[in-house]
Amino acid sequence: MKSSIRSICTTRRTLREQSGVMLLEALVALVIFSLGLLGLVALQARAISLDQDSRYRGEAATLANQLVGNMWLTNSATVKDDYATGTTAFNAWKAQVVAALPGAANYPPTITWAPAVGERENRVTVTVSWKLPSSDVRTYTTTAEVVQ
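Residues numbered from 1 in each chain as written. Predicted model: local features only at pLDDT ≥ 70, side-chain atom pairs only at ≥ 80, totals over all residues. Heavy atoms only, no water.

### Here we look at the overall build of the protein
Point 1. When its secondary structure is counted, the protein shows four helices and three strands.
Point 2. Along the chain direction, N to C, the helices and strands of the protein fall in the order α-α-α-α-β-β-β.
Point 3. Counting all 148 residues of the protein, 22% fall into the buried class.
Point 4. Look at the contacts in the protein between residues 6 or more apart in sequence, and 50% of them connect residues 24 or more apart. (Helix = DSSP H or I, 4+ residues; strand = E, 2+ residues; numbered from the N terminus. Buried < 20%, exposed > 50% of the residue type's maximum accessible area, 1.4 Å probe, protein only. Contact = heavy atoms within 4.5 Å.)

Now the structure itself:
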């Protein structure tokens, strides 16, 4: 009988010493779960940001390459004059850039001409810039040779 009483007392003392352990384990599990959810939210936000950035980079590449393609189609001796800053063709293209890219009005596109290897060739560099509200200024530059 004495051993069974001693056993009951030991069991009660062990239960008192362990009271609240399950609550503590539940709180730790809740903290780990919350950190995991925060990580997933941050990952989703970063994915959306990168998606926007790549979409605008693709749009800038399309617009710059479209301008170079139009220069190749012009096939005139005055291609430099036709696409100089301030001309009708340049202003129409610039309006497309401003409409397609955020913040492009504050960072206007540029066209730079430089002589290339051949005497009838000219190297043209087209630079398009834009800025998202939450990022730095992004720039896309393409270089091509246009035959006059």
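### What to know about the pattern of salt bridges
Point 1. In the structure shown here, the tally under the stated rule is three salt bridges.
Point 2. Of the charged contacts in the structure, one is a salt bridge between R138 and D53, with a shortest N-O distance of 3.2 Å. In this pair, R138 is assigned in strand β3 (residues 137-147) and D53 in helix α2 (residues 21-74), connecting sequence segments 85 residues apart.
Point 3. Judged by its relative accessible area of 31%, R138 is partly exposed.
Point 4. Judged by its relative accessible area of 11%, D53 falls in the buried class.
Point 5. For E145, the salt bridge identified is with R123, shortest N-O distance 2.8 Å. One end of the pair, E145, is in strand β3; the other, R123, is in strand β2 (residues 121-131), with 22 residues separating them in the sequence.
Point 6. Assessed through its relative accessible area of 32%, R123 is described here as partly exposed.
Point 7. The network of salt bridges with shared partners includes D53, R57 and R138. (Salt bridge = Lys/Arg side-chain N within 4 Å of Asp/Glu carboxyl O.)

### So, a nonpolar patch on the surface
Point 1. Together, L23, L27, L30, F33, L37, L40 and L43 make up an exposed nonpolar region whose accessible area comes to about 740 Å².
Point 2. Take L23: it is sitting in helix α2.
Point 3. In this structure L23 comes out as exposed when scored by relative accessible area, which is 57%. (Patch = residues over 30% accessible without salt bridge, like charges linked within 9 Å, V, L, I, M, F, W, Y side chains within 5 Å. Areas by Shrake-Rupley, 256 points an atom, 1.4 Å probe, with all protein chains shown as cover.)

### Observations regarding the nonpolar core
Within soluble globular proteins, side chains that are nonpolar generally end up buried alongside one another.
Point 1. Of all hydrophobic cores here, the largest spans 22 residues; its most connected members are M71, W93, L101, V126 and V128.
Point 2. For this core, the secondary structure elements donating two or more residues are α2, α4 (88-100), β2 and β3.
Point 3. Considering each element in turn, this core owes the most residues, seven residues, to α2.
Point 4. If near-sequence neighbours (up to four positions away) are discounted, L101 is found in contact with Y56, E59, A60, V128 and W130. (Core = buried A, V, L, I, M, F, W, Y, C linked by side-chain atoms within 4.5 Å.)

### A closer look at the confidence of the model for the protein
Point 1. With 82% of its residues at a pLDDT of 70 or more, the protein shows a mean pLDDT of 85.
Point 2. Per-element confidence in the protein ranges from a low mean pLDDT of 61 for helix α1 (residues 2-17) to a high of 93 for α4. (pLDDT = per-residue confidence, 0-100.)

### Re the packing of α2 against α4
Point 1. Their axes nearest at 10 Å, the elements α2 and α4 cross at an angle of 175°. It follows from the interaxial angle that α2 and α4 lie roughly antiparallel. On α4, the residues touching Y56, E59, L63, A64, Q66 and L67 of α2 are W93, Q96, V97 and A100.
Point 2. A per-class count over the contact of α2 with α4 returns seven nonpolar, two polar and one charged. (Axes fitted to C-alpha atoms, helices over the stretch in contact; angles between N-to-C directions. Parallel < 35°, antiparallel > 145°, perpendicular 65-115°, else oblique. Nonpolar A, V, L, I, M, F, W, Y, C, P; charged D, E, K, R; others polar.)

### What about α2?
Point 1. Between the first and last C-alpha of α2 there are 80 Å, a value that for 54 residues agrees with the 80 Å anticipated at 1.5 Å per step.
Point 2. For α2, every residue scored as buried is listed here: D53, Y56, A60, A61, L63, A64, L67, V68 and M71. (Expected span 1.5 Å × (residues − 1).)

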